[in-house]
Amino acid sequence: MIGLISATAAGAAARDRLAAAWPDRTRVYEGPVGDAVRAAFAECEQLVCFLATGAVVRLVAPLLGDKTADPGVVCVDEGGRFAVSLVGGHGGGANELAYQVGELLGAEPVVTTATDSVGVAGLDTLGLPVEGAVAAVSRALLDGEPVALDAEVRWPLPALPVAARGAYTIRVTDRAVEPGEREVVLRPPSLVVGVGASRGAPVEEVLGLVEDALRDAGLSPASLAELASVDAKADEPGIVRAAERLGVPLVTYSAEELAAVDVPNPSEAPLAAVGTPSVAEAAALVRGGELLVPKRKSAASPAMATCAVVRRPARGRLAVVGLGPGARDLLTPRAEAELRRASVLVGLDQYVDQIRDLLRPGTRVLESGLGAEEERARTAVAEAREGQAVALIGSGDAGVYAMASPALAEASDDIDVVGVPGVTAALAAGALLGAPLGHDHVSISLSDLHTPWEVIERRVRAAAEADLVVTFYNPRSRGRDWQLPKALAILAGHREPATPVGVVRNASRPDESARVTTLADLDPATVDMMTVVTVGNTATREIAGRMVTPRGYRWQEEPK
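Residues numbered from 1 in each chain as written. Predicted model: local features only at pLDDT ≥ 70, side-chain atom pairs only at ≥ 80, totals over all residues. Heavy atoms only, no water.

1. Describing the overall build of the protein chain
Scanning the protein chain from N- to C-terminus turns up 19 helices and 28 strands. Projected onto the principal axes, the alpha-carbon positions of the protein chain cover approximately 95 × 65 × 50 Å. Out of the 560 residues belonging to the protein chain, those deemed buried represent 47%. Carbon and sulfur atoms form 50% of the exposed surface of the protein chain, whose accessible area is close to 26100 Å². Treating the 54 positive side-chain charges of the protein chain as one cloud and the 73 negative ones as another, the clouds have centres 2 Å apart. (Helix = DSSP H or I, 4+ residues; strand = E, 2+ residues; numbered from the N terminus. Buried < 20%, exposed > 50% of the residue type's maximum accessible area, 1.4 Å probe, protein only. Areas by Shrake-Rupley, 256 points an atom, 1.4 Å probe, with all protein chains shown as cover. Lys, Arg positive; Asp, Glu negative; His and termini not counted. Charge placed at Lys NZ, Arg CZ, Asp CG, Glu CD.)

Laid out in structure tokens, this is it:
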């Protein structure tokens, strides 16, 4: 919950805008400001104070305890010009909250955390438990000192400016090691404990068994991702409460799924009880991994619980990101976030140049030239399979004549794939032309490099007969100069010569151009590969220089 506090009418107006936008996330605190701040500080995860920065500093200073537990505090000035991340930038989420508040209120977010200011990922913002010399290692990263990355367990981390060797170290491990003086330890959620239990097994017995198994194997409880068992034990109180006390989910599988898992220590007892020769080992291994602790029983007599520990391999992450038509303000916030989350960027060299300044220091860039789409797709998937966080970029929307299709054709279910939509060339061109896509429309690429011309011609003819607005991608190049005239001739057999046609080149870029002509007057020689051509349907009209397709066909019925 976010506590909202204000002292003046102007502050209350901004406060109320935030409360109206986030009704389920916020709570307004009325009354004397000092009492309101103290109450919100005790009850909320975050605060937004519409007060002077000095006043907020004096009010919250006596309340501060531990930066890992204190709420994040954002201060918004009286004029609503700035949203200042004041306290708990990382641990309390104040930095991110300042950006969100700024976006909603039109205020400039002010973030002074050193790592955020220079684009380096904060070690305490990676979503993993962190131990050790966070401040010292972060300072070394900021100062450009060599910091080594020791990844005993591969995990898809954001880019970090690390070196092969260094006086400082970031260690990624699930082992129970103590951080060195100049070391940070990140704990990935790589461990799964399979658990079996007799009916009525006490939570203390289950919990003790799990903790002993991890300790004896030299593994960190901070890397425990989940407890796993058979469906028949989904409501077993001892297992359910053990998962709750460990702070991890309980995941269960059917007896049939577990029976199909090859395990080193099958037993007749669980087969008779729940229909599978293994519960603990099979539940831990069902999704693959390395068996670190074979089945072991609890120390009670008789033993009522068993467990096994598996280290699951990291699932790499592939984000297929649409960059939009080129203008920075048409790059979506989600796309920008994915670019900053990636440790590896794969893309066409000219697209990489568009967003290079958004990448975090240490991002590995794999760029190539035109015509290497399949190679880029294979490279991105291969990097993700190595456990990396990968962003594969394309112009417009990555799923429209871009990189999503070849990448997903290459990918299997051993990696996580995220699609990030972008503004397409057709949409960017349509906005410049007016409203040409106001009714049913279709996009067709005239490039026959990947599609036989016979197929393209059949699709153009079908669109012409169906009276669809048509947007042509890849309309003409030096080596392909006859396809556009052929396609226009097909449309001309079904539409009047005066049908409006929009021609847009480099939509949203500094040298953009847009014009409306007609089907009869369009000169294909004025079109190139950087151009999008939109041909209206029989209802499309030019109005005040703009191309408009009505949502219905009523205009055709109106008397002339």
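Back to the write-up after that little detour.
2. Side note on the pattern of salt bridges
In total, this model carries 32 salt bridges according to the counting rule given. For Arg81, the salt bridge goes to Asp77, with nearest N and O atoms at 3.3 Å. Of the residues examined, Asp77 reaches a relative accessible area of 19% and is grouped as buried. Put simply, Arg356 and Glu367 hold a salt bridge, and the shortest N to O gap is 3.4 Å. A residue pair is termed long-range when its members are at least 10 positions apart, and Arg356 in the loop between α13 (349-355) and β18 (364-368) and Glu367 in strand β18 qualify at 11 residues. Accessibility expressed as a relative area gives 36% for Glu367, which makes it partly exposed. The network of salt bridges with shared partners includes Asp150, Glu152, Arg171, Arg175 and Glu183. (Salt bridge = Lys/Arg side-chain N within 4 Å of Asp/Glu carboxyl O.)

3. As for the packing of helix α17 (residues 453-465) against helix α18 (residues 483-492)
Contact pair α17 / α18: the axes reach a minimum separation of 9 Å and the direction vectors enclose 30°. Here α17 lies roughly parallel to α18, going by the angle between them. α17 and α18 meet at a crossing whose hand is right-handed. Of the residues in α18, those touching α17 at Trp453, Glu457, Val460, Arg461 and Ala464 are Gln483, Lys486, Ala487, Ile490 and Leu491. Of the residues in the contact of α17 with α18, the class split is six nonpolar, one polar and three charged. (Axes fitted to C-alpha atoms, helices over the stretch in contact; angles between N-to-C directions. Parallel < 35°, antiparallel > 145°, perpendicular 65-115°, else oblique. Left-handed = near helix turned anticlockwise from the far one by under 90°. Contact = heavy atoms within 4.5 Å. Nonpolar A, V, L, I, M, F, W, Y, C, P; charged D, E, K, R; others polar.)

4. Things to note about the sheet that holds strand β15 (residues 305-311)
Pairing is mixed across the open sheet formed by five strands, whose spatial order is β13-β12-β11-β15-β14. Both edges of this open sheet fall to β13 (250-253) and β14 (290-297), since each of them pairs with a single strand only. This sheet shows a mean twist of 25° between the axes of neighbouring strands, independent of strand direction. Relative to β15, helix α7 (residues 203-216) is tilted by about 40°, and along the sheet it contacts β11 (191-197), β14 and β15. Along the sheet face, helix α8 (residues 237-246) touches β11, β12 (224-230) and β13 and points at about 175° away from the line of β12. (Pairing = 2+ DSSP bridges.)

5. Some details on the layout of surface pockets
Left-over empty space is what a probe sized like a water molecule reveals as it rolls over the atoms. By volume, the largest pocket amounts to about 1600 Å³. Taken together, 45 residues make up the lining of the largest pocket; nearest its centre are Tyr351, Glu373, Tyr401, Asn474 and Met529. Where the lining of the largest pocket is concerned, the elements lending two or more residues are α13, α14 (373-385), β19 (389-394), α15 (404-410), β22 (441-445), α17 and β26 (531-535). Looking at the lining of the largest pocket residue by residue, the class counts come to 20 nonpolar, 18 polar and seven charged. Computed from the structure, the second largest pocket encloses a volume of approximately 1300 Å³. Residue lining of the second largest pocket: 38 residues in total, with Glu96, Tyr99, Ala337, Arg340 and Arg360 positioned closest to the centre. Across the lining of the second largest pocket, the residue classes break down as 17 nonpolar, 10 polar and 11 charged. (1 Å grid on protein atoms, 1.4 Å probe; cavity = no way out; pocket = protein on both sides within 12 Å on 5 of 7 lines; lining within 4 Å. Points joined across faces, edges and corners; volume = space filled by probe spheres on them.)

6. What about the side chain of Thr173?
Locating Thr173 in the fold gives a position in the loop between β9 (168-172) and β10 (183-186). A polar atom in the side chain of Thr173 sits 2.6 Å from the side chain of Glu152. Sequence-distant contacts of Thr173, that is, excluding residues within four places in its chain, are made with Glu152, Val153, Val185, Leu186, Arg187, Pro188 and Ser223. (Polar contact = N/O pair within 3.5 Å; in protein donor to acceptor, adjacent residues only side chain to side chain.)

7. Section: the packing of aromatic side chains
Overall, the coordinates contain two aromatic pairs when judged by the stated rule. Taking the centre distance of 4.8 Å and the plane angle of 55° together, the rings of Tyr401 and Tyr473 count as tilted. Taken together, the positions of Tyr401 in the loop between β19 and α15 and Tyr473 in strand β23 (residues 469-473) put the pair 72 residues apart, joining distant regions of the chain. Overall, the relative accessible area of 11% leaves Tyr473 in the buried class. With a centroid separation of 5.0 Å and 70° between ring planes, the pair formed by Trp453 and Trp482 is classed as edge-to-face. Taken together, the positions of Trp453 in helix α17 and Trp482 in the loop between β23 and α18 put the pair 29 residues apart, joining distant regions of the chain. Among the residues examined, Trp453 registers a relative accessible area of 10% and is labelled buried. (Phe/Tyr/Trp six-rings, centres within 6.5 Å; stacked < 30°, edge-to-face > 60°.)

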